[in-house]
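Per-entry structural report
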Amino acid sequence: MNRQNPLSAETIGQIALIQSMVTHLPDKEVALSFVCRGLVDVPGIEKIDFCLDEHHKDAEQRSSKNQEQLQIFAIKSGGYEFGELIFYVSDSESFSPYHPFLDNLCQMLAVIFEERRQRSLNKSIIEDLEKRVYERTKELELEIGERKLGEEALREKMRLESAYQQIAQTTLSSLDMSTVLDRLGEHIVNAGIFRSLAISLPDYESNCVEVVRNIRRLNDGSLKFGVPDAGKECPL
């Protein structure tokens, strides 16, 4: 009758220490490397390794050549596999009592890795959402800006059209040249088309033009008439 090998309190304590420390390690590869170093003294094994994919197939081939027994502990949760711990066993009887503790360790690792995966996934979703919100906000700001520019351009167009109508009405409302010139210059400057305006009349007999009105808008918005250039003659 086979006598079951006693458990090593030191080994059990080492496994418990690994469980308490692994949560503080930065990523999966570092954590599994730490676990392998911590379990190297488990009775009945020659060495321990880990994989993050299907590399254990190569280990199986090496095992058959070296006449070692391979024990693989999967680290998975909810159908998602995070990797495997690979034990190269030289003494199955010495190693088998630690199976439940190693299973429990792998389950705990799977829970930790799954929580990290979920946090990373949530972070990616939030970052993507924030990016989409930022891009849409910029698009809306651009649309609002273009709309405001369009509205301002439309208001300016309507204001100029109104000013031109007033200018035309002023020109046709009186037959007195002096009145027409005064009102014409006033409406043009008030419309904001020009800040200052000089109106000249040609004299073809003397081949020159005479400045008959000179109007300028001051900083306070009032108009100033009769600046020094009025009455000045220039050759055509």
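Residues numbered from 1 in each chain as written. Predicted model: local features only at pLDDT ≥ 70, side-chain atom pairs only at ≥ 80, totals over all residues. Heavy atoms only, no water.

Looking now at the packing of aromatic side chains. In the structure shown here, the tally under the stated rule is five aromatic pairs. Both rings, one in Phe-87 and one in Phe-95, keep their centres 5.2 Å apart while their planes meet at 45 degrees; by these two values the pair is tilted. With respect to burial, Phe-87 and Phe-95 carry one shared label: buried. Its guanidinium or amino end placed over the ring of Tyr-88, Lys-47 lies 4.6 Å from that ring's centre, counting from NZ or CZ. Here the guanidinium or amino end of Arg-117 rests over the ring plane of Tyr-80, the centre of that ring lying 4.3 Å away. (Phe/Tyr/Trp six-rings, centres within 6.5 Å; stacked < 30°, edge-to-face > 60°. Buried < 20%, exposed > 50% of the residue type's maximum accessible area, 1.4 Å probe, protein only. Lys NZ or Arg CZ within 6 Å of the ring centre and 35° of its normal.)

With that settled, consider the sheet that holds strand 3 (residues 80-89). Spatial strand order, 1-3-2: three strands in an open sheet with antiparallel pairing. Strands at the two margins of the open sheet, each flanked by one partner only, are strand 1 (45-51) and strand 2 (69-77). If you compare each strand with its neighbour and ignore which way they point, the axes differ by 20 degrees on average. Summarising the sheet, strand 1 and strand 3 pair through six bridges and their orientation is antiparallel. What sits directly across from Ile-45, in strand 3, is Val-89. In the packing of helix 2 (residues 28-38) onto the sheet, contacts are made with strand 1, strand 2 and strand 3, and the angle to strand 1 comes to roughly 175 degrees. (Pairing = 2+ DSSP bridges. Helix = DSSP H or I, 4+ residues; strand = E, 2+ residues; numbered from the N terminus. Axes fitted to C-alpha atoms, helices over the stretch in contact; angles between N-to-C directions. Contact = heavy atoms within 4.5 Å.)

In this section: helix 1 (residues 9-21). Taking 1.5 Å of rise per residue, 13 residues should cover 18 Å, and helix 1 covers 18 Å from first to last C-alpha, within 8% of that figure. Residues of helix 1 that are buried: Thr-11, Ile-15 and Ile-18. Down the axis of helix 1, the sector holding all buried residues measures 60 degrees, keeping them to one side. Along helix 1, the residues that are exposed and aim more than 90 degrees away from the buried face are Ala-9 and Glu-10. (Expected span 1.5 Å × (residues − 1). Arc of directions from axis to C-beta.)

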